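Topology and contacts: notes
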Amino acid sequence: PPPWVLFAEPPGKRPPPPVPEAGLGAMRLVAGLGLIVAAHAAPFTAVERVVQLLEKLQSEVEEDAKSEAAEYDKYACFCKKQADDKLYSTTKSKDKISTLNATINELQAETDELEEKKGDAETDLTAIDTEISEEQGKRDKTAAAYNTTLEDHEDGIKAITEAIEEIKKADEKNSGVTSDLLQVLKAAVQSVPAFALDQSEDKVVQILMQKPGQAHAYSSHTKELLEVLQKLRRELVDKKVEDDKAEATSLQEFERAQLKRKNLKKKLETTISRCSTRISEATEEKSNASTDKINEETKLAEDEEFLDDLTTQCENKATEWDQRSGKRTDELNAIAEALEVIKGDVTKNFGSTKKLTLAAVKDDGHRVKAESAMRAVVKRVSKLLRSLPAVSEHTHRKPISFVQLDSPTDKLMQLLTSRAKTLHSAELAALAMKVRDDPFAKVKGLIDDMITKLEEQGENDATAKENCETDLAAATGDRETLLVDIAKTEANIVQKNMEIKKLKVENKEMAAENAELQSQLQEATDLRDAESVHNAQTLEDAEEGKVAVGKAITALRRVYGEDLLQKEEPVEGTPTTSYSGDYEGKQDKGNKILGFLETIKSDFEATITAVETAETEAKTEYDTLKGNVETEVGSNDDTISDNEGSISTKETEVFDLEADLKDEKKDKDEKNAEIERIKPACVDLAINFDKRAAQRTEEIATLNEAKGLLDDVASSQGSAFLTVRK
């Protein structure tokens, strides 16, 4: 039978309630334990079976711990040796790479410096080559000029020397200056450069240059000519010696400078050659160092990768061992803790779940009642919130219809009365009264008199109107303007007062609505508070039953029911172990024990869940209601406040309008007094002339119609009818 039957009241008191969700866990537990007992036919309760399983599990875990400890010691020794070897190798590689980096940087700096030095030397070499070529060209031009001058000097000296010899021969022979000698002398003088001749010598030359037929004229001048020629020869020799010295000095200076330039060129070429050779050597050394560095970096990367893998796996194995040993310690502690709790509080309180199930049933019934009461209030408030103030409808009164009279006098009175009202005619109204009071025989005479009177009034009004229109036009226009202003002001005052009255009524309705909403909210609050207290007590009772079994489950849950970690590929040469990965405890056996404990715990949790859900739903519903009410009340308060501000503003406007109205009426009264002073007798006529004329026409037509009615009545009914009524 369901659990609630075991604890239900006698059948005569109340029908058994339906099984709540909180009792399903207990039902599953009873059914599960029943199956276990039936299958094994053992005299154990579920709790005793759990104790037996835990003790067996405890023994197995202790044996596994001893076996794994020996394997881990061997693995740790391998890790330490490999790590030390690789650390030494990587440190050595890093030092070598650092040295190679320094060498490469030094070679690069040296190469850059040599390239710069070589570039500067090549620039200087180009410049010195150009300078050597240019200076050699200048020197060649100077030497060519010197050689030309030298030939001139040598030719002149030779010619003059030959001439001197000829003159000396002529003196020895005493033959004088012959024509042959003269030709020799002329040739010698002509070979002397012009710069070597002075004025006197030019004169002698001119004598020598005379025609051959005058040869006897020179016979007395041989001595003078000899002296001149000797002087010219000395000058030419001196000039030649001077030019030779200058040429030798110039050549010596050129050769010295040129030698200096060539030495510099050779030095630059040597520098360039040496730089190129060293650059080539440094580049090769740098390339070799870079290759060594790459090889060493490759080796370092491989060693570091191996070390990283080794470190990762060894650390993982250490972590794994720490986890496994720690987990196993936790497992043993958890088993011991669970055994202590289960042998104590759980065994003692195992039967309390049925009582809690019954309590949940009773609590659920109480909650339903409280919930119904509160939801009734919620519905009332929600309905109130949805309702809006009804728009007042204007009622239209039907006009009261007049009773239709059938007597001739009544027909006549009805005619005169209705036309008097339509035309606003005092004369027709007065005639209607006379028709009611006077004998019917006098009525026709009265009508004739009135027609005559109306015609005379028409003539008088026309004359008076013509005289008054001009004088009263301006005054009447001013007064009409004032009347329009007064009408507008009065209409505004009425409109403002109606708006003020409407706002006050709206504020009164909103205040009443707020009071009703707050009253309903207070009722819902009281019910919610009582329900919350009751749910809290139910949860406290259920938690006490859950704590004991929860301790055991918590202790075992620390070591059972967890996922395994991802395994990694081992480093080559790593010792193998009989275990791998994190130790998760004896999961199968532990989870089986946890299944028993979870079943025991589920009944407590179902009760707690049901009550918490009910509490949450009730609180949410209440909070929503409260929020809606507070929002509506706040909105109403804001509207009331706005309306009060509008009322104050409109009252001020009414006060100002009333002051304006008072001034306008005062101005109107003054204008009326002015009109009365101008033409009192013409005011009515000027204002109502057209209307009175039309009215008189209607009145005369009405009187004629009345006469016709009297004539018809008199001819049809005789004179006896005239005495029927007064």
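As shown above, the structure is provided for reference.
Quick word on the overall build of the protein
Each helix and strand in the protein was counted, giving 12 helices and zero strands. Each helix and strand of the protein, ordered N terminal to C terminal, gives the series α-α-α-α-α-α-α-α-α-α-α-α. Residues classed as buried in the protein amount to 32% of the 726 residues present. Residue pairs in contact within the protein that sit at least 24 positions apart in sequence constitute 89% of those at least 6 positions apart. Accessible area of the protein: about 44500 Å², with a carbon and sulfur share of 53%.

So, the environment of Asp669
By secondary structure assignment, the location of Asp669 is in helix H11 (residues 587-678). Spatially, the C-alpha atoms of Asp669 and Arg479 are 8.9 Å apart, while their sequence positions differ by 190 residues.

Considering the packing of aromatic side chains
According to the stated counting rule, one finds one aromatic pair in the structure shown. Cation over ring: Lys86 sits above Phe306, and NZ or CZ is 4.9 Å from the ring centre. Above the face of the Tyr75 ring, Lys317 is positioned so that its terminal group lies 5.2 Å from the ring centre.

Focus: the pattern of salt bridges
Under the criterion given, the structure shown has 27 salt bridges. Lys265 is the salt-bridge partner of Asp129, the closest N and O atoms lying 2.9 Å from each other. Of this pair, Asp129 sits in helix H3 (residues 46-173) while Lys265 sits in helix H6 (residues 222-349); the two residues are 136 residues apart in sequence, bridging distant segments of the chain. The partly exposed category is assigned to Asp129, whose relative accessible area is 28%. Residue Asp478 pairs with Lys671 through a salt bridge whose shortest N-O separation is 3.4 Å. Taken together, the residues Asp478 in helix H10 (residues 440-557) and Lys671 in helix H11 connect sequence positions 193 residues apart. Classification of Asp478 as partly exposed rests on a relative accessible area of 38%.

Description of the state of the cysteines
Going through the model one piece at a time under the given rule, you end up with one disulfide. There is a disulfide in this structure between Cys79 and Cys314, and the S-S distance comes to 2.0 Å. Where Cys79 bonds to Cys314 through sulfur, the torsion about that S-S bond is close to -90°, and the disulfide is left-handed. Remark: Cys314 occurs in helix H6 and Cys79 occurs in helix H3; sequence separation between them is 235 residues. With relative accessibility at 10%, the residue Cys79 sits in the buried group. For Cys77, which is in no disulfide, the shortest distance to another cysteine sulfur is to Cys79 and amounts to 9.3 Å. For Cys77, a relative accessible area of 57% corresponds to the exposed category.

Concerning the side chain of Lys118
Within the fold, Lys118 resides in helix H3. A distance of 3.1 Å separates the side chain of Lys118 from the side chain of Ser276, its partner in a polar contact. With sequence-adjacent residues up to four places away left out, Lys118 is seen in contact with Ile272, Cys275, Ser276 and Ile279.

Conventions we followed
- Residues numbered from 1 in each chain as written.
- Predicted model: local features only at pLDDT ≥ 70, side-chain atom pairs only at ≥ 80, totals over all residues.
- Heavy atoms only, no water.
- Helix = DSSP H or I, 4+ residues; strand = E, 2+ residues; numbered from the N terminus.
- Buried < 20%, exposed > 50% of the residue type's maximum accessible area, 1.4 Å probe, protein only.
- Contact = heavy atoms within 4.5 Å.
- Areas by Shrake-Rupley, 256 points an atom, 1.4 Å probe, with all protein chains shown as cover.
- Phe/Tyr/Trp six-rings, centres within 6.5 Å; stacked < 30°, edge-to-face > 60°.
- Lys NZ or Arg CZ within 6 Å of the ring centre and 35° of its normal.
- Salt bridge = Lys/Arg side-chain N within 4 Å of Asp/Glu carboxyl O.
- Disulfide = S-S within 2.5 Å.
- Polar contact = N/O pair within 3.5 Å; in protein donor to acceptor, adjacent residues only side chain to side chain.

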